[in-house]
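Architecture at a glance
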Amino acid sequence: MLQGTIVINDVDEKVRKNRARDVIRNAKEIVSIGLHGKETKKIIALVPVSLIKVDHAAYQREEKKHIIKMSKEWDDSQCTMLLVNYRSSEGWFYAIDGQHRTVAANILGIEYLPCEIFIDLSVEEEAKRFLYYNTGTKALSPFDTFKANICWGEPNDVAIKKICDRHGVAIIDRKGKQKALKSVTVVR
């Protein structure tokens, strides 16, 4: 376990379970209609960080050193909603997606995190969702990262773009163009 990680004790199980039930009682249910007309219900709430656990024994990764960096660079506006499962018999919320944010929030003493809550999924269902959320995305290409960095004003990529513009060099993500910068990564 990383230095600075807070270990949650079962000091007063009854108080913890009551607090967790209060979170569920006060959660907001959001209903949306998907592409095929299927109704989807989601439960959203601010969950006390002290009530969120990570199931390393069953399926979650061990925390990595980048959590220290994450906690040093924490920005609430960048913290997206965690996906958690409320195991009502235990009175704990288990992080399905967001374990690193949970540990970083613990290090920083943040009391609540926004969560989308599933209720009483089996550990196997949690693991399946963990896999889905962590393998279903494609990493950004260096060119896509470059374009986004230009848009928000990242200094190094803005400087690269200015130099290329000044010298008539096109920045492209395809081959075959004369006087084209084809590897933003190399220039960085």
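Residues numbered from 1 in each chain as written. Predicted model: local features only at pLDDT ≥ 70, side-chain atom pairs only at ≥ 80, totals over all residues. Heavy atoms only, no water.

Turning our attention to the confidence of the model for the chain. For the chain, per-residue confidence averages 80 on the pLDDT scale, and residues scoring 70 or more make up 80% of the total. Contacts for the low-pLDDT stretch residues 1-8, under 50 throughout, to residues beyond four places or in other chains number 14 contacts. (pLDDT = per-residue confidence, 0-100. Contact = heavy atoms within 4.5 Å.)

One can find Leu-46 in strand E2 (residues 39-48). Owing to a relative accessible area of 55%, Leu-46 belongs among the exposed residues under this scheme. Leu-46 sits 69 residues away from Cys-115 along the chain, and the two C-alpha atoms are 6.0 Å apart. Residues within four places of Leu-46 in sequence aside, it is in contact with Val-23, Tyr-112, Leu-113 and Pro-114. (Helix = DSSP H or I, 4+ residues; strand = E, 2+ residues; numbered from the N terminus. Buried < 20%, exposed > 50% of the residue type's maximum accessible area, 1.4 Å probe, protein only.)

Excluding glycine, a negative phi dihedral is what most residues carry, and trans is how most peptide bonds are arranged. Positive phi is not limited to glycine here, since Asp-120 has a value of about 55 degrees. Positionally, Asp-120 belongs in the loop between strand E6 (112-119) and helix H4 (123-135). With relative accessibility at 44%, the residue Asp-120 sits in the partly exposed group.

Evaluation of the coordinates by the stated rule reveals eight salt bridges. Between Arg-25 and Asp-22 there is a salt bridge, and its shortest N-O distance comes to 2.3 Å. Placement of both Arg-25 and Asp-22 in helix H1 (residues 13-26) is noted, with a separation of three residues, approximately one turn of the helix. Looking at Arg-25, the relative accessible area reads 60%, which means it is exposed. Residue Asp-22 is classed as partly exposed on the basis of its relative accessible area, which comes to 35%. The partner of Arg-87 in a salt bridge is Glu-126, and the shortest N-O contact between them spans 2.8 Å. Highlighted residues: Arg-87 in strand E4 (residues 82-87) and Glu-126 in helix H4, separated in sequence by 39 residues. (Salt bridge = Lys/Arg side-chain N within 4 Å of Asp/Glu carboxyl O.)

In terms of burial, strand E5 (residues 92-97) is a largely internal element, five of the six residues being buried. Bridging between strand E3 (residues 52-53) and E5 involves two bridges; their strand directions are parallel. Bridge pairing in E5 places Ile-52 opposite Phe-93. Linkage of E4 to E5, two consecutive antiparallel strands, is achieved through a turn of four residues, within which Gly-91 is found at a positive phi near 75 degrees. (Pairing = 2+ DSSP bridges.)

What follows concerns H1. Residues that lie three or four places apart on an α-helix share one face, since the helix turns once every 3.6 residues. Over its 14 residues, H1 runs 20 Å from end to end, which matches the ideal 20 Å to within 8%, given 1.5 Å per residue. Among all positions of H1, only Arg-16, Lys-17, Ala-20 and Val-23 are buried. Here the buried residues of H1 occupy an arc of 115 degrees about the axis, which is enough to place them on one side. Set apart from the buried face of H1 by more than 90 degrees, the exposed residues are Lys-14, Arg-25 and Asn-26. (Expected span 1.5 Å × (residues − 1). Arc of directions from axis to C-beta.)

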